[in-house]
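Listed here are the chains, written in short residue letters.
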Number of protein chains: 2
Amino acid sequence: MYDLILKNIARFIQLTPEETDRFTSVLKPRTLRKRQYLVQAGDVFRYECFVNKGSLRTYHVDNNGQEHIVMFAFEDWWTGDMYSFLSGQPALYNVEALEDVELLLIEKSQLEQLYIDIPKFDRFFRVLLQNAYISMQRRISDNMSLTAEERYLDFINRYPHFEQRLSQKQIASYLGITPESLSRIRRQMAGKN
Amino acid sequence: MYDLILKNIARFIQLTPEETDRFTSVLKPRTLRKRQYLVQAGDVFRYECFVNKGSLRTYHVDNNGQEHIVMFAFEDWWTGDMYSFLSGQPALYNVEALEDVELLLIEKSQLEQLYIDIPKFDRFFRVLLQNAYISMQRRISDNMSLTAEERYLDFINRYPHFEQRLSQKQIASYLGITPESLSRIRRQMAGKN
DNA sequence: CGTCTATTTGAATGTACTCAAAAGCGGTGG
DNA sequence: CCACCGCTTTTGAGTACATTCAAATAGACG
């Protein structure tokens, strides 16, 4: 049950056996069925979540009722609502299971105590966030620099295995276009081959 | 010279006088004149940079030669090229002074030693990055959810003091639109009052 | 099987873009 | 100090890419 998360952490820090026990003791397993919500915008959500199995989407609903996917989370990724976690304010985003999901949750006050007891976890999350920062910066510049078709090509090249597990509607929403537009882009691309 | 950066750090961690000395000893002051580059895409850049005075823009040049501003940095903000800093690979972005600038730089190997000697700095940058994460997520969803006019309104409401220091061309580039479009949006808005 | 959702396709629309040119503004050097 | 040069901003005309709305088809799930 803890294999994947311990490997995830071992990428950046080494834990002693005692520290490993201490860490796993704060993890709360949780499962969600497809289409269940981990977070609904407006709720306070005080957990950081590691995805052990399955996939989720984090999305925002705009003033016109349109949904926009801000991020996906698959096995071996972390998710949640950072704003609500940090501020204690209502969450900005919805996080919904796209498949049946197994999660490991860390509650805020327990994570804060963990940071105090084992400062290596400050380091771990620092490094994790540095990598997230790079990805998000890239997402921002890609959204400004690339056409819809280029963004789609980039997506399927970078995440070929995930693409298969997502509907076109979800991918379109992540790319910032309508499902109709993505369908047309795919038709065009098929014609080119 | 170190007042602003020490206050910046004191937002999240407390340093002893010795730790403060240790920290300031790794800071390298650097000044740039308006239009000088801190980083050029393609260079390796191994510094994290605190802006003591002035402003900079981080931008990306796309395949058509168009520039897109990924972030601004003003007094009391941090900047650099996280990708190059972390990976040692050539920088993805250009960072250019928009005004005369005073910076405090921390070299990578010195920061790594600082993390080891004073783990509180792991914590400091973790918290800093959490806040950056929230901002960037918001930027991504705003870019997908809002019209150009709404993004402009949001920008001038959130950064009214910075707006005055930026040309419309820079703001347009940050908002992901052309200067012509921003000019038209402003004309429209003026008509509404 | 039947229902609900996703995908495709078409037609009309719209928002922002490109290209072009004029006007405005700021900085620099004579 | 003024004149000039270059860059920014404005404005117009035409265009392109993606959208909306609508409807048909395909596919998934109970």
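Definitions and limits used
Residues numbered from 1 in each chain as written. Chains lettered and ligands numbered in written order. Predicted model: local features only at pLDDT ≥ 70, side-chain atom pairs only at ≥ 80, totals over all residues. Heavy atoms only, no water. Contact = heavy atoms within 4.5 Å. Buried area = accessible area lost by both parts, 1.4 Å probe. Salt bridge = Lys/Arg side-chain N within 4 Å of Asp/Glu carboxyl O. Polar contact = N/O pair within 3.5 Å; in protein donor to acceptor, adjacent residues only side chain to side chain. Helix = DSSP H or I, 4+ residues; strand = E, 2+ residues; numbered from the N terminus. Nonpolar A, V, L, I, M, F, W, Y, C, P; charged D, E, K, R; others polar. Buried < 20%, exposed > 50% of the residue type's maximum accessible area, 1.4 Å probe, protein only. Least-squares fit on C-alpha atoms with pLDDT ≥ 70 in both. Near = heavy atom within 4 Å. UniProt positions renumbered as here; feature names shortened; annotations may be inferred. Phe/Tyr/Trp six-rings, centres within 6.5 Å; stacked < 30°, edge-to-face > 60°. Lys NZ or Arg CZ within 6 Å of the ring centre and 35° of its normal. Pairing = 2+ DSSP bridges.

Chain A has the name Crp/Fnr family transcriptional regulator in an unreviewed UniProt entry, where Paraflavitalea soli is given as its organism.

> A description of the interface of chain B and chain A should follow, citing residues and the corresponding values.
The partner chain A presents 35 residues to the 35 residues of chain B that form the contact. Each partner contributes to the roughly 3,600 Å² buried at the junction of chain B and chain A, and carbon and sulfur atoms together form 68% of this total. Viewed at the interface, chain A and chain B are joined by 4 salt bridges. Taken together, chain B and chain A are joined by 10 residue pairs in polar contact (both at pLDDT 80 or more). Mapped onto the side of chain B that touches chain A, the elements with two or more residues apiece are strand S5 (67-73), helix H3 (82-87), helix H4 (108-117), helix H5 (120-145) and helix H8 (168-175) of chain B. Counting residues per element, the side of chain B that touches chain A draws most heavily on H5 of chain B, which supplies 18 residues. A breakdown of the residues in the side of chain B that touches chain A according to their chemical character gives 19 nonpolar, 9 polar and 7 charged.

> I'd like to hear about the pattern of salt bridges, residue by residue, with values.
Tallied over the entire structure, the rule returns 26 salt bridges over all chains. The residue Asp122 of chain B makes a salt bridge to Arg123 of chain A at a minimum N-O spacing of 3.2 Å. Separated into two different chains, Asp122 of chain B in helix H5 and Arg123 of chain A in helix H5 (residues 120-145) make up a pair that spans both. A relative accessible area of 23% means that Arg123 of chain A is categorised as partly exposed. Here Glu112 of chain B and Lys108 of chain B are joined by a salt bridge, their closest N and O atoms 3.6 Å apart.

> Could you give an account of the relation of the copies chain B and chain A, with specific residues and numbers?
Mapping between the two copies of the chain is achieved by a rotation about an axis and a shift along the axis. When chain B is fitted onto chain A, the two copies agree to an RMSD of 0.0 Å after a turn of 180 degrees and an axial shift of 0.0 Å. What the rotation and shift describe, once combined, is the action of a two-fold rotation axis. Among all residues of chain B, the minimum C-alpha distance to the rotation axis is found for Arg126 of chain B, at 2.1 Å.

> So what about the protein's contact with DNA strand D? Which residues, and what values?
As a structural note, the neighbourhood of DNA strand D is formed by 16 residues, with Ser181 of chain A together with Gln168, Lys169, Ser183 and Arg184 of chain B the closest of them. A breakdown of the atoms of DNA strand D within 4 Å of the protein gives sugar and phosphate a share of 68%. Within the side chain of Lys34 of chain A, an N or O atom sits 3.5 Å from a phosphate oxygen of DNA strand D. The side chain of Glu180 of chain A places a nitrogen or oxygen atom 3.5 Å from a base nitrogen of DNA strand D. Going through the elements one at a time, helix H9 (179-192) of chain A together with H8 and helix H9 (179-192) of chain B are the ones with two or more residues in the surface near DNA strand D. Of the residues forming the surface near DNA strand D, the biggest block, 4 residues, is contributed by H9 of chain B. Residue composition of the surface near DNA strand D, by class: 2 nonpolar, 7 polar and 7 charged.

> Outline the protein's contact with DNA strand C, supporting the account with residue identities and numerical values.
Taken together, the neighbourhood of DNA strand C is formed by 16 residues, with Gln168, Lys169, Ser183 and Arg184 of chain A together with Ser181 of chain B sitting nearest. At the protein interface, 68% of the atoms of DNA strand C within 4 Å belong to sugar or phosphate. Contacts to DNA strand C include Gln168 of chain A, whose side-chain N or O atom sits 2.6 Å from a phosphate oxygen. The contact in question runs from a phosphate oxygen of DNA strand C to an N or O atom on the side chain of Thr178 of chain B, over 3.0 Å.

> Would you mind going over the UniProt feature "domain: Cyclic nucleotide-binding" (unreviewed entry) in chain A in detail, with residue names and values included?
UniProt marks residues 11-114 of chain A with the feature "domain: Cyclic nucleotide-binding" (unreviewed entry), using the numbering shown here. Taken as a whole, residues 11-114 of chain A contains 21% helix and 41% strand, while its terminal C-alpha atoms sit 18 Å from one another.

> Provide a residue-level description of the packing of aromatic side chains, including the pertinent values.
One pair of aromatic rings is described through two measures. These are the centre distance and the angle between the planes. Applying the stated rule across the entire model yields 38 aromatic pairs over all chains. Pairing Phe50 of chain A with Trp78 of chain A gives two aromatic rings, centres 5.3 Å apart and planes at 65 degrees, and the pair type is edge-to-face. Taken together, the positions of Phe50 of chain A in strand S3 (residues 47-53) and Trp78 of chain A in strand S6 (residues 78-80) put the pair 28 residues apart, joining distant regions of the chain. Here Phe50 of chain A and Trp78 of chain A have matching classes, each one buried. Their ring planes at 55 degrees and their centres at 5.4 Å tell us that Phe155 of chain B and Tyr159 of chain B sit as a pair that is tilted. By relative accessible area, Phe155 of chain B is classed as buried at 4%. Clustering of aromatic rings is evident, with ring pairs tying together Phe72, Phe74, Trp77, Phe155, Tyr159, Phe162 and Tyr174 of chain A. Over the ring of Tyr115 of chain B we find Arg126 of chain A, and its NZ or CZ is 3.6 Å from the ring centre.

> Can you tell me about the environment of Glu96 of chain A, naming the residues and giving the values?
Residue and element names in this part refer to chain A. Looking at the secondary structure, you find Glu96 in strand S7 (residues 94-97). According to the relative accessible area criterion, Glu96 is buried, its value standing at 7%. Considering only alpha carbons, one finds Glu96 and Ile106, 10 residues apart in sequence, at a separation of 18 Å. The residues contacting Glu96, other than those within four sequence positions of it, are Arg35, Gln36, Tyr37, Ser55, Leu56, Arg57 and Tyr59. One polar contact links Glu96 to Arg57, side chain to side chain, over a distance of 2.7 Å.

> Outline the pairing of strand S4 (residues 56-61) of chain B, supporting the account with residue identities and numerical values.
All names here are of chain B. Of all 6 residues in S4, 5 are buried, a share of seventy percent or more. Where S4 meets S5, 6 bridges bridge the pair, whose relative direction is antiparallel. Bridge assignment links Val61 to a residue of S5, and that residue is Glu67. With antiparallel pairing between neighbouring strands as the criterion, S4 and S5 make up a hairpin whose turn holds 5 residues, including Gly65 at a positive phi of roughly 80 degrees. Here S4 runs beside strand S7 (residues 94-97); their pairing, made up of 4 bridges, is antiparallel. Counterpart to Arg57 in the pairing with S7 is Glu96.

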